Amino acid sequence: MTLRWRHMTDDERERAYSPSSCLADGDYRPFVEAYRQRSDRAWSRLAETSCRTATVRYGDAASQTVDVVVPPHADEAPPMLIFFHGGYWQELSKADSRFAAWDCVQRGWAFAAVDYTLAPLASVPEIIEECRRARRTLHREAATLGFDPTRIFVTGSSAGAHLAAMVATDPGGPADPVRGAVLVSGIFDLEPLIGTSIDAALALDAATAAEYSPLRLDTAGFPATVIAYGADETSEFKAQSEAFARALRDTGTTSSTLEVPGRNHFDVILDLAAPNTVLGDATTELIETHGSRHADL
């Protein structure tokens, strides 16, 4: 599967990078509503348990917060899965991003949903730096929050997958590396977005796109990764994932690629930690394999 955007007309490229073009009616709003409803339901259920919930601030802006839940544990502190939401860096929030929290704590994992400043109020490089700062803050506060800072995993959907990948390659990050990544329906090369309607709020140029595209970076040392996308996605979104998976394998990263049947760009992420689903089982295997205290890094 090959990226073909350089040979597309502007209209073809616009459609190829519009995930809703694969929906029958082109309306993604019901999926956004499902994110919020499931997130609210998960957080409400957690409030009735002995799990610890907290909101952690990593900066002064109102958007620079993270919602955290940590399951009760008698001895060994649990691993942490940090979620970065999508929305092409200009929509959604942490309140739409807590739907996997219940499933995570049922598996014995801590979970965090990261908020960040949306474009055009922040540029893509600024958003990346915010997300990196959020992870650094969580690592620093791990003992207080009650999870293991040496067993942090990152995940995200669409633009959130891009952000998770950039967090995993943070040159200013703590000495403990990210243990693994689950990257769902991601954008790993930003250049095709230049000139599309998506770019109106982003104002990307070729140099910025190259510097902040995971596909253009040296991926040596990248953590073990699951790359997933829905079967009902555009060929370019599928090709972006396949290209990044190849780049990871070429530099020695353990990487698996999943095309999830019956799922599209918007609903595949709902299976992130859900039992008896293709994506949920893959996430579980990644964390169980690479999230033990004695796992090879």
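Look above for the structure.
Description of the structure in this document. (Residues numbered from 1 in each chain as written. Predicted model: local features only at pLDDT ≥ 70, side-chain atom pairs only at ≥ 80, totals over all residues. Heavy atoms only, no water.)

1. Describing the overall build of the chain
Working step 1: Of regular secondary structure, the chain possesses nine helices and eight strands.
Working step 2: Taking 19 Å as the expected radius of gyration for a compact globule of 297 residues, we find that the chain reaches 18 Å, a close match to that expectation.
Working step 3: Principal-axis analysis of the C-alpha atoms gives the chain an extent of 60 × 40 × 40 Å.
Working step 4: Here the chain holds 297 residues, and 58% of them are scored as buried.
Working step 5: Nonlocal contacts in the chain, meaning residues at least 24 apart in sequence, comprise 78% of its contacts between residues at least 6 apart.
Working step 6: Only carbon and sulfur atoms are counted for the fraction: they give 47% of the accessible area of the chain, which is about 12200 Å².
Working step 7: Computed over 27 positive and 42 negative side-chain charges, the inter-centroid distance for the chain is 3 Å. (Helix = DSSP H or I, 4+ residues; strand = E, 2+ residues; numbered from the N terminus. Rg over C-alpha atoms; globule rule 2.2 N^0.38 Å. Buried < 20%, exposed > 50% of the residue type's maximum accessible area, 1.4 Å probe, protein only. Contact = heavy atoms within 4.5 Å. Areas by Shrake-Rupley, 256 points an atom, 1.4 Å probe, with all protein chains shown as cover. Lys, Arg positive; Asp, Glu negative; His and termini not counted. Charge placed at Lys NZ, Arg CZ, Asp CG, Glu CD.)

2. Topic: the packing of aromatic side chains
Working step 1: Scanning the entire structure with this criterion turns up eight aromatic pairs.
Working step 2: Summarising the aromatic geometry, the rings of F31 and F266 are spaced 5.7 Å apart at their centres and angled 20 degrees between planes, so their arrangement reads as stacked. One end of the pair, F31, is in helix α2 (residues 29–47); the other, F266, is in the loop between β8 (255–264) and α9 (278–290), and 235 residues separate them in sequence.
Working step 3: Under the relative-accessibility criterion, F266 is labelled buried at 11%.
Working step 4: Three or more aromatic residues joined by ring pairs form one cluster here, namely Y28, F31 and F266.
Working step 5: Its end group placed over the ring of W102, R45 keeps NZ or CZ at 3.8 Å from the ring centre. (Phe/Tyr/Trp six-rings, centres within 6.5 Å; stacked < 30°, edge-to-face > 60°. Lys NZ or Arg CZ within 6 Å of the ring centre and 35° of its normal.)

3. Points about the pattern of salt bridges
Working step 1: Tallied over the full model, the rule gives 16 salt bridges.
Working step 2: Between D96 and R36 there is a salt bridge, with its nearest N and O atoms 2.7 Å apart. One end of the pair, D96, is in the loop between β3 (80–84) and α3 (101–106); the other, R36, is in helix α2, and 60 residues separate them in sequence.
Working step 3: For the salt bridge of K238 with E259, the shortest nitrogen-to-oxygen distance reads 3.4 Å. Pair noted here: K238 is in helix α8 (residues 235–250) and E259 is in strand β8, with a separation of 21 residues, a long-range link. (Salt bridge = Lys/Arg side-chain N within 4 Å of Asp/Glu carboxyl O.)

4. A word on helix α6 (residues 159–168)
Working step 1: Burial analysis of α6 places 10 of its 10 residues in the buried class, the great majority of the element.
Working step 2: Those residues of α6 that fall on the buried side of the exposure criterion are A159, G160, A161, H162, L163, A164, A165, M166, V167 and A168.
Working step 3: Where α6 is buried, its residues meet β3, α4 (124–140), β5 (152–157), β6 (180–184), α7 (206–211) and α8.

5. Overview of the packing of α4 against α6
Working step 1: Packing of α4 against α6 leaves a shortest axis separation of 9 Å and a crossing angle of 60 degrees. Taken together, the axes of α4 and α6 are oblique relative to one another. In the packing of α4 onto α6, the handedness of the crossing is right-handed. On α6, the residues that touch V124, I127, I128, C131, R132 and R135 of α4 are H162, L163, M166 and V167.
Working step 2: Residue composition of the contact of α4 with α6, grouped by class: seven nonpolar, one polar and two charged. (Axes fitted to C-alpha atoms, helices over the stretch in contact; angles between N-to-C directions. Parallel < 35°, antiparallel > 145°, perpendicular 65-115°, else oblique. Left-handed = near helix turned anticlockwise from the far one by under 90°. Nonpolar A, V, L, I, M, F, W, Y, C, P; charged D, E, K, R; others polar.)

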